[in-house]
Amino acid sequence: MLDPKGLTVLITGATSGFGAAAARRFIREGAKVVVTGRRAERLAALKEELGERCHAAVLDARDRKGTFALAAGLPAAFARVNVVVANAGLALGLEPAHKARLEDWEEMVDTNIKGLMYTARAFLPGMAERKEGHLLLLGSVAADFPYPGGNAYGGTKAFVGQFALNLRADLLGTGVRVTNIEPGLAETEFSLVRFGGDAAKAAAPYKGLKPLSGDDVAETIYWAATLPRHININRIQVMPVTQAFGPFAFSREG
Ligand code: NDP
Ligand code: 8X3
């Protein structure tokens, strides 16, 4: 396995959920981490908790210029990023496509697709030049399995899956690894965001079952990122045991 002490890990969307859990996991093993997100007070608390090996920077993943400025301007101790976890993302709403808010679709595309592309494009050159690095992208089971209300969210995650594979084709010969992490039902702030802060609605999917936790997904990320350099995990699909597939749905009304 790779020595985690040699890793400088940049994580987008580290103020909550998988991103925060991954930051803690890497720090615990001796890595350096750069944590980003929009909520400054959360980042400050995380920096306080994680200490000197953590650098925090407020960044909206949709901010193309800001993303490139961050990559170019990291403090020297954090400048040689060799693991990037492009995790910032969200689902908004669960309405059927003909009733969904177009603004929600746009925000998901801007964050989950365009923001993720900016992160990849800003950090890949340094890693390719140094012939060492790993880009981990947060996809989802929603990329592969349609469900009512998944519409644009699932579409954005399908993009992540194909983008990851195409990046592998382009990065052949650079030594840079690419992994698409595709979790299923996981209890984070994801549902709270999806349902616009409605705590009762957000709790419902997890009630009475054991979903994945942020730590479970962080463990998956950590494992893939610390495998020996000659191994590339293309994609990991991970669900709680309490989640599986249903039959096709039919309508007799057209
Ligand atoms: P959380 O809501 O707990 O965390 C999402 C993180 O993304 C937050 O830190 C948030 O930070 C950040 N984020 C959202 N929008 C932006 C933005 N514009 N700029 C910067 N950061 C942003 O959810 P999860 O940890 O569950 O989600 C992480 C990723 O995993 C997402 O891409 C999600 O789609 C994916 N996923 C989640 C699953 C689940 O069931 N939980 C399953 C499969 C995939 P802030 O608000 O401070 O900016
Ligand atoms: C999150 C998992 O099933 O809520 O990507 O879309 S799901």
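(A) How the structure looks around the site of ligand 1. Around ligand 1, a shell composed of 28 residues is seen, among which Thr15, Ser16, Arg38, Tyr153 and Thr188 lie nearest. Interatomic distance of 2.6 Å between a side-chain N/O atom of Tyr153 and an oxygen atom of ligand 1. Interatomic distance of 3.4 Å between a backbone N/O atom of Phe190 and an oxygen atom of ligand 1. Isolated, ligand 1 exposes 880 Å² of accessible area, and the fraction of that covered by the protein chains is 96%. Looking at the shell around ligand 1, the elements that each hand over two or more residues are α1 (17-28) and α5 (151-171). Residue composition of the shell around ligand 1, grouped by class: 10 nonpolar, 12 polar and six charged.

(B) Local environment of the nonpolar core. Residues Val9, Phe26, Val33, Val35, Val85, Leu136 and Ile221 are the most contacted members of the largest nonpolar core, which totals 35 residues. Sequence-distant contacts of Leu136, defined by excluding residues within four places in its chain, comprise Val83, Val84, Val85, Ala86, Thr179, Ile181, Ile221, Ala224 and Ala225.

(C) Main features of empty space enclosed by the protein. Summed over all chains, the structure comprises one cavity of 30 Å³ or more. Here the largest cavity is characterised by a volume of approximately 30 Å³. Every residue lining the largest cavity is listed: Thr12, Ala61, Ala86, Asn87, Ala88, Thr111, Gly115, Leu116 and Thr119. With four residues, helix α4 (residues 102-130) is the largest single contributor of residues to the lining of the largest cavity. When the residues that make up the lining of the largest cavity are grouped by side-chain class, the tally is four nonpolar, five polar and no charged.

(D) Layout of the packing of helix α3 (residues 64-72) against α4. Where α3 contacts α4, the two axes come as close as 9 Å, and the packing angle between them is 30°. Relative to α4, the element α3 is oriented roughly parallel. The chirality of how α3 crosses α4 is right-handed. Only Tyr118, Thr119, Arg121, Ala122 and Phe123 of α4 make contact with α3, whose side of the interface consists of Arg64, Thr67, Phe68, Leu70 and Ala71.

(E) Local environment of the site of ligand 2. Surveying the vicinity of ligand 2 reveals the residues Ser140, Ala142, Tyr147, Tyr153, Phe190 and Arg194. With respect to ligand 2, the side chain of Tyr153 contributes an N or O atom lying 2.6 Å from an oxygen atom. Its residues assigned to classes, the shell around ligand 2 comprises four nonpolar, one polar and one charged.

Parameters and conventions
- Residues numbered from 1 in each chain as written.
- Chains lettered and ligands numbered in written order.
- Predicted model: local features only at pLDDT ≥ 70, side-chain atom pairs only at ≥ 80, totals over all residues.
- Heavy atoms only, no water.
- Near = heavy atom within 4 Å.
- Polar contact = N/O pair within 3.5 Å; in protein donor to acceptor, adjacent residues only side chain to side chain.
- Areas by Shrake-Rupley, 256 points an atom, 1.4 Å probe, with all protein chains shown as cover.
- Helix = DSSP H or I, 4+ residues; strand = E, 2+ residues; numbered from the N terminus.
- Nonpolar A, V, L, I, M, F, W, Y, C, P; charged D, E, K, R; others polar.
- Core = buried A, V, L, I, M, F, W, Y, C linked by side-chain atoms within 4.5 Å.
- Buried < 20%, exposed > 50% of the residue type's maximum accessible area, 1.4 Å probe, protein only.
- Contact = heavy atoms within 4.5 Å.
- 1 Å grid on protein atoms, 1.4 Å probe; cavity = no way out; pocket = protein on both sides within 12 Å on 5 of 7 lines; lining within 4 Å.
- Points joined across faces, edges and corners; volume = space filled by probe spheres on them.
- Axes fitted to C-alpha atoms, helices over the stretch in contact; angles between N-to-C directions.
- Parallel < 35°, antiparallel > 145°, perpendicular 65-115°, else oblique.
- Left-handed = near helix turned anticlockwise from the far one by under 90°.

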